[in-house]
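Structural characterization, general
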Amino acid sequence: MQIQAVVRWLAAVVGSVVAFFAVAVPWAVLVDGGDDPWDVIGPVAGVVAAGVLAALGWWASQAGGSGAGEAATRRVRQSARGRGAITQTGGDHGAGARARRRPVREDVRQKARGDGDIDQVGGNRA
């Protein structure tokens, strides 16, 4: 997911630069005279570029995480059949499992069949 976030941020910055030139270049070409039209064109194009960067920056920040206001969902699916004792545990447990601001996405699937004891553990167990 890190690569996706980097690509989105690069797209946001490039989009902001393109927005600056999309406003500034046609305006500079169409302006009749004036000693230095960039005194006006530059700040206006900069404000447009900042707005585009803010919008695309928000979009870029959504990469790899849960949506705004939603809790990240980690799926742990376990299935076991056996004649012995069956123990299944899923989620964060143990001293090394610390609370994260944005949990990484996990997709843990486990199946077990047998005659003996079955012990399944899914998630972080550090």
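Here's a quick rundown of the structure.

Cut-offs and rules
- Every chain is numbered on its own, with residues counted from 1 as its sequence reads.
- Given that the model is predicted, a residue must reach a pLDDT of at least 70 before its local features are reported, and side-chain atom pairs must reach 80 or more before they are shown or counted; all residues, however, enter totals for whole chains, interfaces and linings.
- Note that water and hydrogens are dropped before the side-chain values are worked out from all heavy atoms of the structure.
- Counting from the N terminus, the helices are the DSSP runs of H or I reaching at least four residues and the strands are the DSSP runs of E reaching at least two.
- To estimate how far a helix should extend, the number of its residues minus one is multiplied by 1.5 Å.
- For the exposure calls, accessible area comes from a 1.4 Å probe over protein chains only, and a residue counts as buried if that area is under 20% of its type's maximum, exposed if over 50%, partly exposed in between.
- Contact definition: two residues touch when any of their heavy atoms are within 4.5 Å.
- Centres within 6.5 Å are what make two rings of Phe, Tyr or Trp a pair, Trp counting through its six-membered ring; a difference in plane orientation under 30 degrees is then read as stacked, over 60 as edge-to-face, and the rest as tilted.
- Distance thresholds for patches are 9 Å for like charges and 5 Å for nonpolar side chains (Val, Leu, Ile, Met, Phe, Trp, Tyr), applied to residues having over 30% relative accessible area and no salt bridge.
- With residues, only the protein chains shown are counted as cover, and all accessible areas are computed by Shrake-Rupley using a 1.4 Å probe.
- Think of a salt bridge as a Lys or Arg side-chain nitrogen and an Asp or Glu carboxyl oxygen that are within 4 Å of each other.
- Think of each axis as a best-fit line through the C-alpha atoms, taken over the contacting stretch in the case of a helix, with angles from 0 to 180 degrees between the N-to-C directions.
- Orientation categories follow fixed angle ranges, with anything under 35 degrees roughly parallel, anything over 145 roughly antiparallel, 65 to 115 roughly perpendicular, and all other angles oblique.
- Here a crossing is taken to be left-handed if its near helix is turned anticlockwise relative to the far helix by less than a right angle, and right-handed if that turn runs clockwise.
- Each residue gets one of three labels, nonpolar for Ala, Val, Leu, Ile, Met, Phe, Trp, Tyr, Cys and Pro, charged for Asp, Glu, Lys and Arg, and polar for the others, Gly among them.

1. Re the environment of Gln4
- Relative to the assigned elements, Gln4 resides in helix 1 (residues 2-30).
- Put simply, Gln4 and Ala63 are 59 residues apart on the chain and 6.5 Å apart in space, counted from C-alpha to C-alpha.

2. Re helix 1
- A rise of 1.5 Å per residue sets the reference length of helix 1, with its 29 residues, at 42 Å; its end C-alpha atoms lie 43 Å apart and thus fit the reference within 8%.
- Buried within helix 1 we find Ala5, Arg8, Ala12, Gly15, Ser16, Ala19 and Ala24.
- Those residues of helix 1 hidden inside the fold are in contact with helix 2 (38-61).

3. Here we look at the packing of aromatic side chains
- On inspection of all chains with the given rule, the structure shows one aromatic pair.
- For the ring pair Phe20 and Phe21, a centre distance of 5.3 Å and an interplane angle of 90° mean the geometry is edge-to-face.

4. Focus on a nonpolar patch on the surface
- Nonpolar side chains collect at one region of the surface, where Val13, Val17, Phe21, Val25, Val29, Leu30 and Leu53 lie side by side and expose about 650 Å² of accessible area between them.
- The leading source of residues in the nonpolar patch is helix 1, at six residues.
- A relative accessible area of 67% means that Leu30 is categorised as exposed.

5. Concerning helix 2
- The end-to-end C-alpha distance of helix 2, which contains 24 residues, comes to 32 Å, matching closely the 34 Å that a straight helix rising 1.5 Å per residue would cover.
- Buried residues of helix 2: Ile41, Gly42, Ala45, Ala49, Gly57 and Ala60, and no others.
- Tucked into the core, helix 2 has its buried residues touching helix 1.

6. Some remarks on the packing of helix 1 against helix 2
- One way to put it is that helix 1 packs onto helix 2 with a least axis distance of 8 Å and a crossing angle of 155°. Relative to helix 2, the element helix 1 lies roughly antiparallel. For the pair helix 1 and helix 2, the sense of crossing is right-handed.
- Its residues assigned to classes, the contact of helix 1 with helix 2 comprises 22 nonpolar, six polar and one charged.

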